[in-house]
Amino acid sequence: MRRLIRVAAVVLVAGCGPLSQTHHNPGNSHEVATVPPGGRAGEARADISVRAGRVSPPSGWLEARRGQTVAVTVTSDVADELHVHGYDRTAELRPGQPVTVRFRADLTGVFEVETHRSGLVLTQVAVR
Amino acid sequence: MSGLVLLQGEMAAGVLAHGVGERGDLPIPLFYAYAGAVAALVVSFLALGLLWADSRFSGDRAGRVIRVRPSARPARVAALLAALYTAGRLLLSPAEGNAGPYLVYVLFWVGLVPASLLFGPVWRTVSPFRLLPDRPRRPLPARLGYWPAAAGLLAFTWTELVAPEPAAPPTLLAFGAVYAAAQVAGTLTYGHAWLERGDPFEVYSTLIGHLSPLGRREDGTRVLRGPFDGLDAVRPAPGLVAAVCVLLGGTGYDGFSGAPVWVDALQASPLGRTGLGTVGLLAAVAGVALLYAACLGVAGLVGGTRGLAPRFAHSLVPIALGYLVAHYFSLLVFEGQRAVILALGLDRLGVEVNRDVVGPGTIATVQVVAIVAGHVAGVVAAHDRSVRLLPPGRAVAGQIPLFVLMLCYTLGGLTLLFAA
């Protein structure tokens, strides 16, 4: 019986898992840099431009490992707002200016990167 | 400023499936897809050779009677209050962090699945429309069958997956108003018989509830029964196949709609996103239905029996359930937390969604097990129905097209999980 309880407790604890750290580690959140694209080693990168409502390269998947840094650089021909779902990163896009959003991929799943005003899906970040 | 823009953007994010949600599931690993496919194939052929030769399920007559008469009135009043609360939140709360869309798309729509699976036809038990008097002015036309529910389910699925702003309060309020008006009008005209066939959510909950150990016979008696007996008790009626095909096709479209190919097509389409999305959703439902009609036609020819199509619709219910579980499991786990947090105002206390409750491995396992289990249950239900309806000499051959049909759905479901 005692063993059963112990097993149940272990299962319960394992099931609850570690708590989300996103908002507990201050350096880890809302780190939006407006720098021109320049590759850093070990990053999952995407370089996307939006012209006349068209996404180029066409919306695809950006693969990343959990813990890896993801950097998405976007150049839009109109003012817009960039949003990474799930990670809730946002950045203002000004016409013709490349903007890079960089974040640590600490949640697994598939997350859309989209523009708010034009409502376009630029890419989907797949974190494994 | 940013908050305001964020809120508009949240609402505009209509491309992602499920109406609400921040995250999509990763593709299942190739090994899982193969394991599921092989399991489905093996089970199908074993079933053909090894399962019983005489029908065993006794449908509505089966089960052990339990003497509980749940008093439904308080539950219905509570459901009415919950619905009014949701409508109030949609109307009055700011769009950002509004609990309404989560209550509708996650707790209600997805939550009905496990609730019905455990407790039987729960929406029937708690439906606020059943507070209206049951005084039919005329009998419900038999040929109407489940068609109104099929149309309602299609409308809801469209709202959830295709509408320009699925999570915007006006969208949900418009859907809710039309839905409620239709149910009230139907009930005032045809009495409660309308709700049984015309309320999309009651039909959805009741169909899934047929798999529950807590069954409800047609005369209202509560019974404890096996899921296959419960499934066998689904009464064929016009539109039943359509209703099940909407569930299956709609969930299939949900799986497909996040695929980059489709996202690109939607964004580049001259029809516009909503136009092409509508075409895609209708095509998915039509594809599922055509495949069903074709395979049942062949089964009828091989088995030498006519009019089989409506009498096998019940065997699609577990397959549709498998699809629903596979596509909504992670949504219920993650966004279900958000629904509760927002509804109770816990977000103001700093409570957050725990994203580590289940990992990708668990999600993939649940998805594959759900699809394969749905397949197995569908095969068993179809087998039993075949040996009852088809002449003994043709029962085995007549089942082959049915198994081909189910394999198509199952392999299609696994492919969606693997590739999209």
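Just so it is clear, the model here is predicted, and its values are computed rather than measured.

Thresholds, definitions, all that
- Residues numbered from 1 in each chain as written.
- Chains lettered and ligands numbered in written order.
- Predicted model: local features only at pLDDT ≥ 70, side-chain atom pairs only at ≥ 80, totals over all residues.
- Helix = DSSP H or I, 4+ residues; strand = E, 2+ residues; numbered from the N terminus.
- Buried ≥ 20, exposed ≤ 12 C-beta atoms within 10 Å, placed from the backbone.
- Contact = placed C-beta atoms within 7 Å.
- Core = buried A, V, L, I, M, F, W, Y, C linked by C-beta atoms within 7 Å.
- Pairing = 2+ DSSP bridges.
- Expected span 1.5 Å × (residues − 1).
- Bend = angle between axes of the 7 residues up to and from the residue.
- pLDDT = per-residue confidence, 0-100.

1. Brief notes about the overall build of chain A
So, point 1. The number of helices and strands found in chain A is one helix and ten strands.
So, point 2. Here chain A holds 128 residues, and the buried ones make up 35% of them.
So, point 3. In chain A, of all internal contacts separated by at least 6 residues, the share reaching a separation of at least 24 is 61%.

2. Things to note about the nonpolar core
So, point 1. Counting residues in hydrophobic clusters, the biggest one holds 102 residues, and the most contacted among them are A243(B), V244(B), L248(B) and A320(B).
So, point 2. Sort the elements by how many residues they give to this core and helix 15 (residues 317-343) of chain B lands first, with 14 residues.
So, point 3. For V244(B), the residues in contact, after removing those within four places along its chain, are A313(B), L316(B), V317(B) and A320(B).
So, point 4. The next biggest cluster of nonpolar side chains, apart from the first, holds 29 residues, and it includes I48(A), A64(A), V74(A) and L266(B).

3. Here's the deal with the sheet that holds strand 3 (residues 222-224) of chain B
The strands making up a sheet are joined through hydrogen bonds of the backbone, oriented either antiparallel or parallel.
All names here are of chain B.
So, point 1. A sheet is described by the order of its strands in space; here three strands give the open sequence 1-3-2, paired in antiparallel fashion. Strands with a single pairing partner mark the edges of an open sheet, and in this sheet they are strand 1 (64-65) and strand 2 (214-216).
So, point 2. Alignment of strand 2 against strand 3, held across three bridges, turns out to be antiparallel. Within strand 3, the position partnered with L214 by the bridge is L224.

4. Details of the pairing of strand 6 (residues 80-84) of chain A
All names here are of chain A.
So, point 1. Counting buried positions over the five residues of strand 6 gives five, a clear majority of the element.
So, point 2. Here strand 6 shows no split at all, with D80, L82 and V84 on one side and E81 and H83 on the other all buried.
So, point 3. With five bridges connecting them, strand 6 and strand 7 (residues 89-93) associate as antiparallel partners. Counterpart to D80 in the pairing with strand 7 is L93.
So, point 4. The antiparallel pairing of strand 6 with strand 7 creates a hairpin that spans four residues between the two strands, and G86 there sits at a positive phi of about 80 degrees.
So, point 5. Relative to strand 9 (residues 109-115), strand 6 is paired through three bridges, and the arrangement is antiparallel. From the neighbouring strand, L82 faces strand 9, where its bridge partner is T115.

5. Let's talk about helix 15 of chain B
All names here are of chain B.
So, point 1. In this model, helix 15 (27 residues) spans only 32 Å end to end at C-alpha, well below the 39 Å of a helix rising 1.5 Å per residue.
So, point 2. Y328 marks the point of greatest bend in helix 15, at about 50 degrees.
So, point 3. In terms of burial, helix 15 is a largely internal element, 20 of the 27 residues being buried.
So, point 4. Following helix 15 by one or two positions, G345 has its phi on the positive side, about 70 degrees.

6. Some remarks on the pairing of strand 9 of chain A
All names here are of chain A.
So, point 1. The element strand 9 is extensively covered by neighbouring structure, given that seven of its seven residues are classed as buried.
So, point 2. Where burial is concerned, the two faces of strand 9 agree: the one with G109, F111, V113 and T115 and the one with V110, E112 and E114 are both buried.
So, point 3. Alignment of strand 9 against strand 10 (residues 121-127), held across six bridges, turns out to be antiparallel. Residue pairing in the sheet places G109 in a bridge with V127 of strand 10.

7. Points about the confidence of the model for chain A
So, point 1. Chain-level pLDDT for chain A is 76 on average; 68% of the residues reach the 70-or-more range.
So, point 2. Scored below 50 in pLDDT, residues 1-38 of chain A shows 31 contacts in the model against residues more than four places distant or in partner chains.

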